[in-house]
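Here's the letter readout for the chains.
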Amino acid sequence: MVSLTSNGAFADSLFCGHLLGNASLIDVETLRTVRSFSPPRGGAQSEWSRDAVHSLALHPSQPLLAVGTRYGFVHLFDVRDPACCVSIRAHSDSVAQVAFHPWFSTLLSSGYDGALRVWCDRERSLVRQYTVPMGARGEAQNIDAPVFNESALRFAVSSSTGNLVVGGATGALHCFV
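(A) Focus on the overall build of the protein chain. Regarding its fold elements, the protein chain presents zero helices and 15 strands. Intrachain contacts of the protein chain at a sequence separation of at least 6 include 35% that bridge at least 24 residues. Surface exposure of the protein chain reaches about 9000 Å², of which carbon and sulfur atoms provide 52%.

(B) Structural context of the packing of aromatic side chains. Inspection of the entire model under this criterion finds three aromatic pairs. Ring centres 6.2 Å apart and planes at 40° place the aromatic pair F15 and F37 in the tilted group. Residue F15 is located in strand β2 (residues 13-17), and its partner F37 is located in strand β4 (residues 32-37); the two are separated by 22 residues in the primary sequence. An angle of 70° between the planes, with centres 6.4 Å apart, marks the rings of W103 and F104 as edge-to-face.

(C) Structural view of the pairing of strand β13 (residues 154-157). Note that β13 and strand β14 (residues 164-167) share four bridges and pair antiparallel. The partner of F155 across the bridge, within β14, is V166. Counted between consecutive antiparallel strands, the loop separating β13 from β14 contains six residues, among which G162 sits at a positive phi close to 80°.

(D) How the structure looks around the sheet that holds strand β9 (residues 95-100). Read from one edge to the other, the open sheet built from four strands follows the order β9-β10-β11-β12, with strand pairing classed as antiparallel. Every interior strand has two partners, whereas the edge strands, β9 and β12 (125-131), have only one. Going from strand to strand, the sheet's axes swing by 20° on average, the running direction of each strand aside. As paired strands, strand β10 (residues 106-111) and strand β11 (residues 115-120) are joined by five bridges and run antiparallel to one another. In the strand pairing of β11, L108 is matched with V118.

(E) Examining the pattern of salt bridges more closely. Applying the stated criterion across every chain, the model contains two salt bridges. A salt bridge links D78 to R80; its shortest N-O distance comes to 2.7 Å. Its relative accessible area of 17% is what places D78 among the buried residues. Given a relative accessible area of 59%, R80 falls into the exposed group. Put simply, R117 and D113 hold a salt bridge, and the shortest N to O gap is 3.4 Å. No difference in accessibility class separates R117 from D113, as the two residues are buried.

Calculation criteria
- Residue positions within a chain follow its written sequence, with the count starting from 1.
- Thresholds applied to this predicted model are a pLDDT of at least 70 for local features of residues and 80 or more for the giving and counting of side-chain atom pairs; totals over whole chains, interfaces and linings are not thresholded and use all residues.
- Each side-chain value is derived from all of the structure's non-hydrogen atoms; neither hydrogens nor water enter the calculation.
- Going along the chain from the N terminus, every DSSP run of H or I of four or more residues is numbered as a helix, and every run of E of two or more is numbered as a strand.
- In what follows, a contact means two residues having at least one pair of non-hydrogen atoms within 4.5 Å.
- Residue burial considers only the protein chains on display, and all accessible areas are found by Shrake-Rupley using a 1.4 Å probe.
- Here a Phe, Tyr or Trp ring, Trp counted by its six-membered ring, pairs with any other such ring whose centre lies within 6.5 Å, and the pair is stacked when the planes are under 30 degrees apart, edge-to-face when over 60, and tilted otherwise.
- Pairing between strands requires that DSSP locate at least two bridges from one strand to the other.
- Axis geometry follows a simple rule: fit a line to the C-alpha atoms, using only the stretch in contact for helices, then measure angles between N-to-C directions, giving values from 0 to 180 degrees.
- What counts as a salt bridge is simple: a side-chain nitrogen of Lys or Arg found within 4 Å of a carboxyl oxygen of Asp or Glu.
- Throughout, exposure labels follow a simple rule: accessible area from a 1.4 Å probe, protein chains only, divided by the maximum for the residue type, with under 20% read as buried, over 50% as exposed, and the rest as partly exposed.

Here's what the structure looks like:
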């Protein structure tokens, strides 16, 4: 298990992400798996069979689970039905984190490719992206001030203000109001 999430609608449950590429809904009282979520296997997506879950996020008001993976995919599941709703090739490297914005219909994802992306969770389309340019030796480079120089961005979204704070390896924090 590598990632956990829950919310008020699932107060007696816990969503767990696994190194084998699937996610589970666990009843915390009985410790039994209630539902298992797996992306489609085989064909052009055969690499998913070796994928690992790096991050999970549960929508604050809808039955939607986002799963970010090692191979750069974000899978969106309807928690009432374990069939995969949609899969997005979100990043060119591993997904570090996924989260739903508490007020807007957006999903945020960050990756080890140095990008923070904002997706419309209804249309499943890219709305905006912030990237970290990579230097010749692979390290991140600053080209404008303040441009992030972290290779794997992490973020937090305030449920009370909706503000987004982004940070990474250098310790610099950037706030989007």
